[in-house]
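Fold and contact review
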Amino acid sequence: MLRLQQIDLFGFKSFADRTRISFDGAGIVAIVGPNGCGKSNISDAISWVLGEQSAKQLRSDRMQDVIFNGTPGRKAAGMAEVRLTIVDMEASAAAAASSAEQSPTNGHSGASRLGEILVSRRLFHSGESEYLMNGRLCRLRDIQELFLGTGLGGDSYAI
């Protein structure tokens, strides 16, 4: 089972500054706020990093519109980047058990990073786009294959 642990946004729509949203618990998460504060931009960011190719689905006219456009008091961003940190709960539990067997005095050595998958997408003003998995360049197809069969993807009905 995969669990969303964290979202990092930079230059994506209304998120001009680096923003981190952590999901520490299990269960239901709700994001609340007044109209126009960027709540729906978070679900757009998740769809986008998972490979959404339609600007219309992201409530934009063209893909470059997802890059922070600037304000009278702030420069436009040069790129948009979204990173999802996903935890494979089964791999994480197996790694923790294995680590505990190998090191009985410290059952947590290194286990916190095992089972984590970092999926990223960047878009530059030039139109160039990059997909990354665990910090390495990859193809969109690699990201789609990772989530195949999980019900999660850019074309999912619900996020």
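This write-up is about the structure you can find in this document. For clarity, every value in this text was computed on a predicted model and none was experimentally measured.

**Looking at the pairing of strand β5 (residues 129-133)**
With respect to burial, β5 is a largely interior element, four of its five residues being buried. Here strand β4 (residues 116-124) folds back onto β5 in antiparallel fashion, the turn holding four residues, of which G127 has a positive phi close to 100°. Between β5 and the antiparallel strand that follows it, strand β6 (residues 136-138), lie two residues; N134 among them carries a positive phi value of about 55°.

**Regarding unusual backbone geometry**
In this structure, R59 is a non-glycine residue whose phi angle is positive, near 60°. Structurally, the position occupied by R59 is in the loop between α1 (39-49) and β3 (79-88). Positive phi outside glycine occurs at N134, with the angle close to 55°.

**As for the pattern of salt bridges**
Under the criterion given, the structure shown has 11 salt bridges. Between D44 and K13 there is a salt bridge, with its nearest N and O atoms 2.7 Å apart. Here K13 lies in the loop between β1 (2-10) and β2 (19-22) and D44 lies in helix α1, a separation of 31 residues in the sequence. Neither D44 nor K13 differs from the other in exposure class; each is buried. Note that R139 is salt-bridged to D142, the shortest N-O span being 2.8 Å.

**Concerning the packing of aromatic side chains**
Tallying each qualifying case throughout the model produces one aromatic pair. Judged by centre distance (5.2 Å) and plane angle (40°), the rings of F12 and W48 are tilted. Highlighted residues: F12 in the loop between β1 and β2 and W48 in helix α1, separated in sequence by 36 residues. Residue W48 is classed as buried on the basis of its relative accessible area, which comes to 0%. Positioned over the ring face of F10 is R18, at 4.2 Å from the centre of the ring.

**Let's talk about α1**
A turn of α-helix holds 3.6 residues, and therefore any two residues three or four places apart point the same way. When you tally the buried positions in α1, you get eight out of 11 residues, the bulk of the element. For α1, every residue scored as buried is listed here: N41, I42, D44, A45, I46, S47, W48 and V49. Elements in contact with the buried residues of α1: β1, β2, β3, β4, β5 and α3 (140-147). The first or second residue beyond α1 is G51, which carries a positive phi of 115°.

Thresholds applied
Each residue is numbered by its place in its chain's sequence as written, counting from 1. The model is predicted, so local features are restricted to residues of pLDDT at least 70 and side-chain atom pairs to those at 80 or more, both for listing and for counting; the totals for chains, interfaces and linings are taken over all residues. Where side-chain values are given, they derive from all heavy atoms of the structure, hydrogens and water being excluded. Using a 1.4 Å probe on the protein chains alone, a residue whose accessible area is under 20% of its type maximum counts as buried, one over 50% counts as exposed, and one in between counts as partly exposed. Only DSSP runs of H or I with at least four residues qualify as helices, and only runs of E with at least two residues qualify as strands; both kinds are numbered from the N terminus onward. Strands were regarded as paired on the criterion that DSSP finds at least two bridges between them. When a carboxyl oxygen of Asp or Glu is within 4 Å of a side-chain nitrogen of Lys or Arg, the pair counts as a salt bridge. Stacked, edge-to-face and tilted are the three classes for Phe, Tyr and Trp ring pairs, Trp counted by its six-membered ring, which pair at centre distances within 6.5 Å; planes under 30 degrees apart are stacked, over 60 edge-to-face, the rest tilted. For a lysine, the NZ atom is tested; for an arginine, the CZ atom; a charge sits over a ring if that atom is within 6 Å of the ring centre and within 35 degrees of the ring normal. In this analysis, two residues are considered to be in contact whenever any of their non-hydrogen atoms come within 4.5 Å of each other.

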